[in-house]
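# Working through the structure, step by step
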Amino acid sequence: MADFLPPVSVGDVLRAVRDGYENLVLIDGYFHGVPSVWHKEIMYALSLDIGVAGCSSMGALRAAELWPYGMAGSGRIFEAYRDGTYESDDEVAVLHGDEESGYRCASEPLVNIRHGLELARRAGVVPAALERQLVGHAKGLFYADRHWARVVADLARLTRSEEAAARLRRFLRETDTDLKRADAIETLWRIADGDLKRPETAEDFTFEETHSFLVLRAAEGVN
């Protein structure tokens, strides 16, 4: 059984510690307009032997940064960040709605665009050179302006072929290109099966409380 909470932001991990959770999975998180979850609060949870795992989005970012200290990571997005294939945070950034909308996405993350176009290339829908061009153009956009409709429009412009655009559009309708969701589902199943644990190479560390952390801890009511 799992409790599903809103996208993580600063203080949320401390509140989870306060509320007695023994295992935490970070998936999505705020980063623009709302302070992001601190590394320090995750390390605090780890210092208490609370299991913390991350995948898909903000969770993958934090896991790639903190796996040497015991935060477990899972999924292809985490692995790409850990191994240096992805370096920019905006690979996973999306524009999304509020709680009332169910945090519905209003843009497409670059990781999904990369994944979808890779699948399209493998299926013979898009040649490799065009795949690289389309990914490059999407990467150059502000994260909130990334949409599959723009990718299809770019393909039509580059190929001057509405038939090619229609072929990609049809492929996208028939294919699951949501890598973030796939990683999240896989991670939850791995945890349920007991297959995702603290990294064996995790370093022992002594948690040092800074003034800023103590202020946050007091604000969240964590003794």
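Residues numbered from 1 in each chain as written. Predicted model: local features only at pLDDT ≥ 70, side-chain atom pairs only at ≥ 80, totals over all residues. Heavy atoms only, no water.

## Some details on the layout of surface pockets
Approximately 230 Å³ is the volume found for the second largest pocket. Contributing to the lining of the second largest pocket are 16 residues, with Gly73, Arg190, Leu196, Lys197 and Pro199 lying nearest its centre. It is helix H4 (residues 76–82) that provides the largest number of residues to the lining of the second largest pocket, a total of three residues. Each residue belonging to the lining of the second largest pocket can be placed in one class, and the counts come to six nonpolar, three polar and seven charged. (1 Å grid on protein atoms, 1.4 Å probe; cavity = no way out; pocket = protein on both sides within 12 Å on 5 of 7 lines; lining within 4 Å. Points joined across faces, edges and corners; volume = space filled by probe spheres on them. Helix = DSSP H or I, 4+ residues; strand = E, 2+ residues; numbered from the N terminus. Nonpolar A, V, L, I, M, F, W, Y, C, P; charged D, E, K, R; others polar.)

## Points about the pairing of strand S1 (residues 23–26)
In S1, alternate side chains face the same way, and those of Leu24 and Leu26 are buried while those of Asn23 and Val25 on the opposite face are not. Here four bridges tie S1 to strand S2 (residues 51–54), and the two strands are oriented parallel to one another. Paired with Leu26 across the two strands is Gly54, which belongs to S2. Read from S1 through helix H2 (residues 39–47) to S2, the crossover connection turns out right-handed. (Buried < 20%, exposed > 50% of the residue type's maximum accessible area, 1.4 Å probe, protein only. Pairing = 2+ DSSP bridges. Right-handed = clockwise from strand over helix to strand, strands pointing away.)

## Looking at unusual backbone geometry
Within the chain, Asp49 stands out as a residue other than glycine whose phi angle is a positive 65°. Along the chain, Asp49 falls in the loop between H2 and S2. Even without being glycine, Ser56 reaches a positive phi, approximately 70°. Checked against the element boundaries, Ser56 lands in the loop between S2 and helix H3 (58–66). Relative accessible area serves as the criterion here: at 1%, Ser56 is assigned to the buried category.

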